[in-house]
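Spelled out from the first residue to the last, the chains are:
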Amino acid sequence: MDSITAVERTVVPAREARAVRVPQGRRVSVVDLEGGQVGDVFAFAADDVTEHLSASHTRSSTNRLFPAVGERFWTDRRRPILTLVSDTSPGLHDMLIAACDPERYAALGAQPSHASCAGNLRRALASMGLAVPFTPQPVNVFMRIPVDEEGRLDWLPAVSRPGDAITFQAVMDCVFVVSACPQDLVDINGGVPTSLAIDVLPESD
């Protein structure tokens, strides 16, 4: 079989999600196309999607609140699924906040039809003939949620720039999902959600 030598790009439209399969050893980037856009990243074991990237298990393994280049992300079965290999953004990402869902938007006064990352995840998986009965806590790339000295959180606009990318390497065959977060009632996306891209990178030599 010929090696793959070109980037395989999947555009994730604003307020939507897309899913791709990433073989073990391949690298995959999330690219902020216009700047200032948060992406909810989910990953599932390709052979059993009930096993998923777990932010809480990752925190307990890395002893960090937020991800850092060179560290791994772990599943709910305590197996490594991704490694963070490079980051051209300011490096601000979140592993504390749950994916937005219809109940979150109802509490904020939005219409029932408001898009959510939880709904986006279900639709993206369904496009591949897959489903899970839960919404894992995502890794929220480009999301700026600092923690102050008293333990309080702040919700600040993302400071990623157009073209900034965070790149992972698959430690196992996985299904990789990115939602271009539709949040427009809290100012994490500057009030106007925009598009992201998923780039599955060429095979290494």
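Now for a look at the structure at hand. (Residues numbered from 1 in each chain as written. Predicted model: local features only at pLDDT ≥ 70, side-chain atom pairs only at ≥ 80, totals over all residues. Heavy atoms only, no water.)

**Some remarks on the overall build of the protein**
Regarding its fold elements, the protein presents three helices and 11 strands. Secondary structure elements of the protein, listed N to C terminal, follow the sequence β-β-β-β-β-α-β-β-α-α-β-β-β-β. Expressed as a percentage of the 205 residues in the protein, the buried residues total 47%. Sequence-distant contacts in the protein: of pairs separated by 6 or more residues, those separated by 24 or more amount to 77%. Element-wise, carbon and sulfur atoms account for 50% of the exposed surface of the protein, whose accessible area totals about 9400 Å². Across the protein, the mean location of the 18 positive side-chain charges is 2 Å away from that of the 26 negative side-chain charges. (Helix = DSSP H or I, 4+ residues; strand = E, 2+ residues; numbered from the N terminus. Buried < 20%, exposed > 50% of the residue type's maximum accessible area, 1.4 Å probe, protein only. Contact = heavy atoms within 4.5 Å. Areas by Shrake-Rupley, 256 points an atom, 1.4 Å probe, with all protein chains shown as cover. Lys, Arg positive; Asp, Glu negative; His and termini not counted. Charge placed at Lys NZ, Arg CZ, Asp CG, Glu CD.)

**Side note on the nonpolar core**
Within the largest apolar cluster, 29 residues are counted, with the highest numbers of intra-cluster contacts made by Val30, Phe73, Leu82, Phe168 and Phe176. Mapped by element, the contributors of at least two residues to this core are strand E2 (17–22), strand E3 (27–32), strand E4 (39–45), strand E7 (80–87), strand E8 (139–141), strand E9 (165–170), strand E10 (174–180) and strand E11 (196–200). Here the element with the most residues in this core is E10; it accounts for four residues. Residues contacting phenylalanine 73, with those up to four places away along its chain left out, are Leu53, Thr58, Pro67, Arg79, Pro80, Ile81, Leu82, Leu84, Met95, Val139 and Phe168. Among the nonpolar cores identified, the runner-up in size contains 25 residues, and Leu121, Ala124, Val175 and Val177 belong to it. (Core = buried A, V, L, I, M, F, W, Y, C linked by side-chain atoms within 4.5 Å.)

**Comments concerning the pattern of salt bridges**
Scanning the model with the defined rule gives 11 salt bridges in all. Measuring nitrogen to oxygen at the nearest pair gives 3.0 Å for the salt bridge that ties aspartate 184 to arginine 15. Here aspartate 184, found in the loop between E10 and E11, pairs with arginine 15, found in the loop between strand E1 (8–12) and E2; they are 169 residues apart in sequence, far enough to count as distant. Aspartate 184 gets classed as partly exposed once you look at its relative accessible area, which sits at 25%. What makes arginine 15 partly exposed here is its relative accessible area of 32%. (Salt bridge = Lys/Arg side-chain N within 4 Å of Asp/Glu carboxyl O.)

**Here's the deal with unusual backbone geometry**
With a phi angle near 75 degrees, arginine 15 is a residue other than glycine that sits in the positive phi range. You will see that arginine 78, though not glycine, has its phi angle at about 60 degrees, which is positive. Tracing the backbone through its elements, the reader meets arginine 78 in the loop between strand E6 (72–74) and E7. What makes arginine 78 exposed here is its relative accessible area of 53%.

**Focus: a nonpolar patch on the surface**
On the surface, Leu65, Val147 and Leu153 cluster together to form a nonpolar patch covering roughly 220 Å² of accessible area. By relative accessible area, valine 147 is classed as partly exposed at 34%. (Patch = residues over 30% accessible without salt bridge, like charges linked within 9 Å, V, L, I, M, F, W, Y side chains within 5 Å.)

Geometric descriptors of this kind do not, in isolation, establish any biological role.
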